[in-house]
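# Understanding the architecture of this molecule
Listed below, chain by chain, are the residues.
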Amino acid sequence: GFAAAAAAAAASAAEGEDDEGALPPGMDPEDFPFLARGKWSLSEKHYLCQRGARVSAADLHGGTGTLVAGYTNGLFELVQLPAFDSLQALSVSKERVTSVAFNASGDWIAVGCAKLGQLLVWEWRSDSYVLKQQGHYFDISAVAFSPDGGLIATGSDDRKVKVFQQSSGFCFVTFSEHAAPVTAVAFLPSGHALVSASLDGTVRAYDLVRYRNFRTMASPTPVQFGCVAVEPGGEIVAAGTVDSFQVYVWSLKTGRLLDILSGHEGPVSCVAFSPLDGGMLVTGSWDKTARTWDVYNGKGAMDTLQHTHDALAVAFRPDGKQLAVSTLDGCITLWDPQEAKTEGIIEGRRDIRGGRLASDRRAAGNLDSGACFTSLVYGADGTFLVAGGASKYVCIYDVAERTMLRRFQITSNRSLDGVLDTLNSKNMTDAGPVGLVDHDDQDEDVELLPPVFDAAGVAGVPGTAKAKRPSARTRCVALSPTNRCWAAACTEGLVIYSLDDDLVFDPTDLTEDLTPQSCHRALAARAYVRALLIALRLGDSGLVRHVVLSTPVAQAPTIAAALPAAWVPAVLTSLGEQLPGSPHLEFLLVWARAVCTSHGHVLEGGGPRAMPALRLLQKELSRVHEDLSTACEADLYTLEYLIEGGAAQLAAEPSAVERGCGSDGSGGGLRDEVRGSEAGGRGDDGEDKDGEDGDGEGGGTGDAERQKAETGRAARGSSADGAAKAPAQASKVARAVAEAPAAPPAQNGTHAKRRASAAPAAATGSEASVRKKTKGGVTADQETAPSKAKKPKKRTPAALRRLQ
């Protein structure tokens, strides 16, 4: 009986093993060969030991066999598999790491922390940062564009002011001098400075060149500033308070308090200077009025613009002839600031209304409370108005027709409150909405939501829930001076909308033959236009730079003329980006001139894409011009000396060479004439030996034969050697001719012939026949009476050769 029971148990175990290895019904083993007739089992188990922390994110790079793990305490660790050796362990922050990822090569690690808004790219092989960016911790409360549209400044409830590059979206400077939430920011007209207002009772000015806080303006008594504005001249700053209901005016240069404007009976919510008359200041308050002030003359309130509801935002048209005031009832009132008359009203309550909060007891269509605009801004031409407020929508209105042109939904994130228009009634309980009930304090998904700065919740007021979801809203809107993009400070962060399609890579313009390899092949085949078009369509700035620098400078005008008009701004932008620090300055200037000359009719109209490119090119050219002018002014006299010396040398050398060389430039005639002068010298010596009154004919005859022989040997010499020595000899002869005295008069016919044959030699290259001295140290030009004066002593042939 025991043997039969054991056999039955073994059979059942075998059947169980077959069932574990069998595939589910309807599944083909050929589709899943790794699952057929097999099973998974645990082979090894390793532990990541971090005290008081758990693994919150992980990623594996199969090529290198490395694993990165992020922990809840802000650490991330790099582990080598399969040995499971720890390579690195670094700390990003003290908050939970929510995401980690490897790049394709496995050298870079991206680490993200949602609670701090932090992004880190770490190169673990070299232990260095590739990128480190951190956004605002709390909501962004203020946003402003620089006068040229290249920078965006933001202020937040986390007491920080950040400045971003509009083109890249990266933050390059952060100011953290404020001790309370920042409520407003504004650029100076020059664009080199920035001011911010805060609830800590200070208005601070920051230098964007040296990145420092160079001016701090405060009130005599502690107050809280809720808005700030800068006069068009950049010399006066005004800020409104939310507790004392006053407006403070300072001088930015000295930081001195100029005036305190009193008259409002409620918190001052907004201030703005008139672009037309810099001395006119408009303030809006919760006392249902907007007041105009004369800041320059100090006359106090000039006019009071009465409204039916609280004034929340004001904005001047760029020409200063119209004022828009937003009120709590969702309307925008248009005023004539000079005459204090109403020009029209825009009804925007139904436009901005949308989304239902979890705590709302009525449907979104019947809910009107809180539907208002809290921020206004005019377009650069004054034809439209951008408005945002306590809603998920941002509206754009036509000022002349007072109608809505378009409405943008800034977010579709359903984890935010107020995004859905219809809520599920099943989520409503006796204790309130399910979303507002705090079930677990350790819920990690809450960290993925934007933080909420709730003063009531921080103070522990009864009825405030810790798990309250942030609502979708827009606290501030700003429009670029170029009229091409606008930004909204919303719950999710800073959102930028742009009309420039070059900011977004469009892959639909690509085909299979448009690759970097095809671009390089076109360059090798000297098809420069095709190579440049391929690089432009790929959108690779490095490839465009390579193609531009690889083209011959002589073909730059031809290539520029063959470019399509649509790609001209992209080429100008690339040239502007290459100018800083490039050693090929003249080459890039030739390219810029060729493009502007060939496509001047396109650039003259100032299209939407041409203006930023031209502005960038002008900015970089001005910077290069300033650097070069500084260097040239420092070395002005040195450059003048070099230029004048070079011009004199160029003027002297051609004449000397022309005199010294023969018709073929060989320099053989120079040697012949020198040797002829030597022969004449020998004849003179013979004359002295024969007697004082002799004519020296015998010596002259022998010298003539010797001269013929020397001339024949010189003619058979190498012409190339003479040509190489001719310029140096010509320069020596030019100096010798300038210092040479006049030749003595001829004594007889023989001497006249000799001096006539030696004169060309003296003019072209023989220093021996130019500077002759007499026996007593008297030169030949001092000899006035040949018959009475002592005959000059002639140089020997050896002396002439040494002198030569």
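Each value, and the rule that gives it
- Residues numbered from 1 in each chain as written.
- Predicted model: local features only at pLDDT ≥ 70, side-chain atom pairs only at ≥ 80, totals over all residues.
- Heavy atoms only, no water.
- Helix = DSSP H or I, 4+ residues; strand = E, 2+ residues; numbered from the N terminus.
- Contact = heavy atoms within 4.5 Å.
- Areas by Shrake-Rupley, 256 points an atom, 1.4 Å probe, with all protein chains shown as cover.
- Salt bridge = Lys/Arg side-chain N within 4 Å of Asp/Glu carboxyl O.
- Buried < 20%, exposed > 50% of the residue type's maximum accessible area, 1.4 Å probe, protein only.
- Core = buried A, V, L, I, M, F, W, Y, C linked by side-chain atoms within 4.5 Å.
- Pairing = 2+ DSSP bridges.
- Axes fitted to C-alpha atoms, helices over the stretch in contact; angles between N-to-C directions.
- Polar contact = N/O pair within 3.5 Å; in protein donor to acceptor, adjacent residues only side chain to side chain.
- Expected span 1.5 Å × (residues − 1).

### A word on the overall build of the protein chain
Per the secondary structure count, the protein chain includes 17 helices and 37 strands. Pairs at least 24 residues apart make up 46% of the contacts formed inside the protein chain by residues separated by at least 6 positions. Carbon and sulfur atoms make up 53% of the accessible area of the protein chain, which amounts to about 43,100 Å² in all.

### Digging into the pattern of salt bridges
All told, the structure shown has eight salt bridges when counted by the stated rule. Between Arg473 and Asp139 there is a salt bridge, and its shortest N-O distance comes to 3.5 Å. You can see Arg473 sitting in the loop between α3 (455-459) and β35 (474-479) and its partner Asp139 sitting in the loop between β8 (128-134) and β9 (140-145), a full 334 residues away along the chain. One salt bridge in this structure joins Arg317 and Asp319, with 2.9 Å as the shortest N-O distance. A relative accessible area of 19% places Arg317 in the buried class.

### Structural notes on the nonpolar core
Leu532, Leu572, Leu575 and Trp591 are the most contacted members of the largest nonpolar core, which has 35 residues in total. Listing elements by their share of this core, those giving two or more residues are α4 (516-524), α5 (528-538), α6 (541-550), α7 (556-562), α8 (568-578), α9 (585-598) and α11 (610-634). Filtering out sequence-adjacent residues up to four positions away, Leu572 remains in contact with Val595, Cys596, Leu603, Ala613, Leu614 and Leu617.

### Quick notes on the sheet that holds strand β10 (residues 151-156)
Across the sheet, which stays open at both edges, the four strands sit in the order β9-β10-β11-β12 with antiparallel pairing between neighbours. Looking at strand neighbours, the two that pair on one side only are β9 and β12 (171-175), the edges of this open sheet. Neighbouring strand axes in the sheet, compared pairwise and without regard to direction, differ in orientation by 20 degrees on average. The sheet contact formed by β9 and β10 spans five bridges and is antiparallel. The residue bridging Ala144 from the neighbouring strand is Ala153, located in β10.

### A few points about the side chain of His307
Assignment of secondary structure puts His307 in the loop between β24 (300-306) and β25 (311-316). On the basis of relative accessibility, which here comes to 8%, the residue His307 falls in the buried class. Side-chain polar atoms of His307 contact the side chain of Trp335, separated by 3.1 Å. Setting aside residues no more than four positions away along its own chain, His307 makes contact with Lys288, Thr289, Ala290, Val325, Thr327, Thr333 and Trp335.

### Description of α9
One turn of the α-helix equals 3.6 residues, which is why residues spaced by three or four share an orientation. The terminal C-alpha atoms of α9, which comprises 14 residues, lie 20 Å apart, in line with the 20 Å expected from a rise of 1.5 Å per residue. Within α9, burial applies to Phe587, Leu588, Val590, Trp591, Ala592, Ala594 and Val595. Elements in contact with the buried residues of α9: α5, α6, α7, α8 and α11.

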